[in-house]
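The chain contents come next:
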Amino acid sequence: MNDCTRTTNAGRRHTPWRAAPLAAPLSAAIALLAGCSAGTTPPAASGATPAATAAPAVAAAADPSRYLSQPLVTGLYTADPSAHVFNGRVYVYGSHDIETGIPMDDLGTEFAMRDYRPLSMDAIGAPVTVHDVALDIANVPWADKQMWAPDAAEKGGKYYLYFPAKDRQGMFRIGVASGDRPEGPFKAEPEAIKGSFSIDPAVFRDDDGAYYMAFGGLWGGQLQRWKSGRYDAADDTQPADDKPALSPKIVRLDAAMTGLAEKPRDLVILDEAGKPLLSKDHDRRFFEASWLHKYKGNYYFSYSTGDTHYIVYAMSKTPYGPYTYKGRLLDPVLGWTNHHSIVEVGGKWWLFYHDSQLSNGDTHLRNIKQPVELHYNADGTMQEINPLPKP
Ligand code: FUB
């Protein structure tokens, strides 16, 4: 599926929200796609082999030199990278994108992923191992479809994979699976995490040993259906333009790592005047792709703005917030979704992200990129990164 009409960033889950104007930097991505041609062959998934020996994808029509960074692996489609260092090795947990022929719709039904394939490497830039399936939807008793962006955590030598999927009622829940090795295999709990909902879990370990999970996603991520505190499948409306935008959620995990220690709270994001970001503020309000990290005593919450395609961030002195919006971290990539993670490796900070380079812009066939170094300013703010620096 290489329909060029989908590759503009106005494509995914378009109505009724498509009214949001395209952001100016998107012109670069759209210009890049002007020469979009049909007919790349989806790369076949490989076994647990170094990426260097995995089957290469057919060359993309777009000039690879235009991108800031190249795909991390080419033997399968990968997305939504959550990077961690476990036992001195870098592990990347992400979505395993597949082609199913499901037509694109407003709810992201075409993102019909069914398993997870962790990646790992000794160091940034080192050969990448594509691990075997760590968790298959066939082995998750409660899940029906759509295994979206996961994250992982380690505690006491055990590894936990957190993942969203739709249950048989069509409701996104967050599940957990555990194992003895960072690359899996993971065994799923029989039920989704009690009290969980929506998508994109990001698990953060604080210095005091507490683990927090941030999560949520608008539109197909169903966060708007929980406005009242209960699930309402019929309510897909966002708050009025001049009202506060929906907040992502944050919750402390219990000691066993398989449940919530409390009721999820709103992770409130304030503007420079101390007011919550408004629903109409599509350039800054939360959409999906939560990530939490800490640097020099500050907590950073970074996320995607969805229909305006930025990764932006906010800072706080506490994990729960409120957080204050600080700016853009990553400009729009090729493809509708923008999703990232931030990790310290070898004394440097790295941004992992994805785009749709290998599929020439097919939004649901993405590839994680080689991470790029992230730089902090003296005041703790982070410098903006352009993934498409060359026109
Ligand atoms: O991969 C499916 C969804 O697309 C993720 O959950 C979102 O963050 C977006 O990247």
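Above this text sits the structure in question.
Below is a summary of the structure that appears in this document. (Residues numbered from 1 in each chain as written. Predicted model: local features only at pLDDT ≥ 70, side-chain atom pairs only at ≥ 80, totals over all residues. Heavy atoms only, no water.)

### Notes on the overall build of the protein chain
Right, on to step 1. Counting its secondary structure elements, the protein chain contains one helix and 24 strands.
Right, on to step 2. Within the protein chain, buried positions represent 60% of all 391 residues.
Right, on to step 3. The long-range share in the protein chain, meaning contacts at least 24 apart out of those at least 6 apart in sequence, stands at 57%.
Right, on to step 4. Carbon and sulfur atoms form 52% of the exposed surface of the protein chain, whose accessible area is close to 14800 Å². (Helix = DSSP H or I, 4+ residues; strand = E, 2+ residues; numbered from the N terminus. Buried < 20%, exposed > 50% of the residue type's maximum accessible area, 1.4 Å probe, protein only. Contact = heavy atoms within 4.5 Å. Areas by Shrake-Rupley, 256 points an atom, 1.4 Å probe, with all protein chains shown as cover.)

### Section: the packing of aromatic side chains
Right, on to step 1. Within this structure, the stated rule accounts for 26 aromatic pairs.
Right, on to step 2. When the centroid spacing of 4.7 Å and the interplanar angle of 50 degrees are considered together, the rings of Trp 148 and Phe 172 count as tilted. Residue Trp 148 is located in the loop between β7 (143-145) and β8 (151-155), and its partner Phe 172 is located in strand β10 (residues 172-179); the two are separated by 24 residues in the primary sequence.
Right, on to step 3. Judged by centre distance (6.0 Å) and plane angle (35 degrees), the rings of Phe 286 and Phe 301 are tilted. With a gap of 15 residues between them, Phe 286 in the loop between β16 (269-270) and β17 (288-295) and Phe 301 in strand β18 (residues 298-304) connect regions that are remote in the sequence.
Right, on to step 4. Judged by its relative accessible area of 1%, Phe 286 falls in the buried class.
Right, on to step 5. An aromatic cluster of three or more residues is present, and its members are Tyr 295, Tyr 300, Tyr 313, Trp 349 and Tyr 376. (Phe/Tyr/Trp six-rings, centres within 6.5 Å; stacked < 30°, edge-to-face > 60°.)

### Some words on the sheet that holds strand β2 (residues 89-97)
Right, on to step 1. Taken together, the four strands give an open sheet; going across it, the order is β1-β2-β4-β5, and neighbouring strands pair in antiparallel fashion. The open sheet has two edge strands, β1 (77-86) and β5 (128-130), and neither has a second partner. The mean inter-strand angle of the sheet, taken between neighbouring strand axes irrespective of direction, is 25 degrees.
Right, on to step 2. Across eight bridges, β1 lies against β2 in antiparallel orientation. Its bridge partner being in β2, Ala 79 is matched across the sheet by Ser 95. (Pairing = 2+ DSSP bridges. Axes fitted to C-alpha atoms, helices over the stretch in contact; angles between N-to-C directions.)

### Points about unusual backbone geometry
Right, on to step 1. Backbone torsion omega between Gly 184 and Pro 185 reads 5 degrees, so that peptide bond is classified as cis.
Right, on to step 2. With respect to the element layout, Pro 185 can be found in the loop between β10 and β11 (187-188).
Right, on to step 3. At the junction of Gly 321 and Pro 322, the peptide bond is cis and its omega measures out at 5 degrees in the coordinates.
Right, on to step 4. With respect to the secondary-structure elements, Pro 322 resides in the loop between β19 (311-316) and β20 (323-330).

### Overview of the site of the ligand
Right, on to step 1. The environment of the ligand is made up of 14 residues, and the closest members are Asp 80, Met 113, Asp 200, His 339 and Arg 366.
Right, on to step 2. One nitrogen or oxygen atom from the side chain of Asp 200 is found 2.5 Å from an oxygen atom belonging to the ligand.
Right, on to step 3. Side-chain polar atom of Arg 366 to an oxygen atom of the ligand: 2.7 Å apart, as the coordinates give it.
Right, on to step 4. Here the ligand loses 100% of its free accessible area of 270 Å² to cover by the protein chains. (Near = heavy atom within 4 Å. Polar contact = N/O pair within 3.5 Å; in protein donor to acceptor, adjacent residues only side chain to side chain.)

Spatial relationships are all this shows, so hold off on functional conclusions.
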